[in-house]
Amino acid sequence: MTQEASHTTTADPGVVVGEDGLARPAWAAVDPLLRDYYDSEWGMRVTDERGVFERVSLEGFQAGLSWATILRKRPAFRAAFDDFDPDVIAAYTETDVERLMGDAGIVRNRQKIQAAITNARATIRLREDMGLARLVWSFRPETTPRPRTFAEIPTKSAESLALSKELRRRGFAFVGPTTMFALMEAIGIVDTHLLDSHRRGSSGVWTS
């Protein structure tokens, strides 16, 4: 997920303490859907193939849009894309593409839909090597960012650039370095929770 812009139009506040007494970044402090996602899911370790594939797919659909839009549509995405089962999606035909283009519950972008199918087929090919999840996690850096404010959070890294290049070499699409950094944040490969957030270190991958 590319993190949401700060809700403040003045100085970057860092964390915002909610009515529950918990400190969160501004993007997760107002919208209940984003707050719940931040508190329970974002940044937690994901290491299974289907889980990583789903997030690669949704990050690709998110490009150019807000994550809140994708999160609200996620149930419809899961229904439309057979719960992001790579084996099923890899067998999609042009009939399925047209079905998806007619589904108002998802993002109806032909290139992104076709990329999801392309990526499902690439995911299956990767099983002959290390598999998608292991490949993605092999780009975990030696250190993780330690931001105190939203402005200090990077949007890409040397590792996300390298991951992007490797996935493209493996036949994936819509996996640019910014999108891949967002993926790395979402599944715990890096921890970009603000230092004062109640979620810092919650994945167990990084302890500080």
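Quick note: structure is the one above.
This is a predicted model, so every value here is computed, not measured.

(A) The overall build of the chain, seen in detail. A tally of helices and strands in the chain yields nine helices and two strands. Sequence-ordered secondary structure for the chain, helices as α and strands as β, is β-β-α-α-α-α-α-α-α-α-α. For 208 residues, the compact-globule estimate of 2.2 N^0.38 gives 17 Å, and the C-alpha radius of gyration of the chain, at 17 Å, lies within 12% of that figure. Projecting the C-alpha coordinates of the chain onto the three principal axes gives extents of approximately 50 × 40 × 25 Å.

(B) Local environment of unusual backbone geometry. Positioned with a positive phi, Asp82 is a non-glycine residue whose angle comes to about 50 degrees. The exposure class of Asp82 is partly exposed, given its relative accessible area of 34%. Despite not being glycine, Asp83 shows a phi value in the positive range, around 55 degrees. Here Asp83 shows up in the loop between helix 3 (67–80) and helix 4 (86–90).

(C) Seen up close, the packing of aromatic side chains. Under the criterion given, the structure shown has 10 aromatic pairs. An angle of 90 degrees between the planes, with centres 5.4 Å apart, marks the rings of Trp27 and Tyr38 as edge-to-face. In this pair, Trp27 sits in the loop between strand 2 (23–25) and helix 1 (32–40) while Tyr38 sits in helix 1, placing the two residues 11 residues apart along the sequence. On the numbers, 5.4 Å between centres and 90 degrees between planes, the contact of Trp27 with Trp42 is edge-to-face. With a gap of 15 residues between them, Trp27 in the loop between strand 2 and helix 1 and Trp42 in the loop between helix 1 and helix 2 (49–62) connect regions that are remote in the sequence. Each member of the pair Trp27 and Trp42 is classed as buried. Through a chain of ring-to-ring contacts, three or more aromatic side chains come together here, namely Phe53, Phe61, Phe77, Phe81, Phe84 and Tyr92. The ring of Tyr92 carries the charged tip of Arg99 above its face, separated from the ring centre by 5.4 Å.

Definitions and cut-offs
- Residues numbered from 1 in each chain as written.
- Predicted model: local features only at pLDDT ≥ 70, side-chain atom pairs only at ≥ 80, totals over all residues.
- Heavy atoms only, no water.
- Helix = DSSP H or I, 4+ residues; strand = E, 2+ residues; numbered from the N terminus.
- Rg over C-alpha atoms; globule rule 2.2 N^0.38 Å.
- Buried < 20%, exposed > 50% of the residue type's maximum accessible area, 1.4 Å probe, protein only.
- Phe/Tyr/Trp six-rings, centres within 6.5 Å; stacked < 30°, edge-to-face > 60°.
- Lys NZ or Arg CZ within 6 Å of the ring centre and 35° of its normal.

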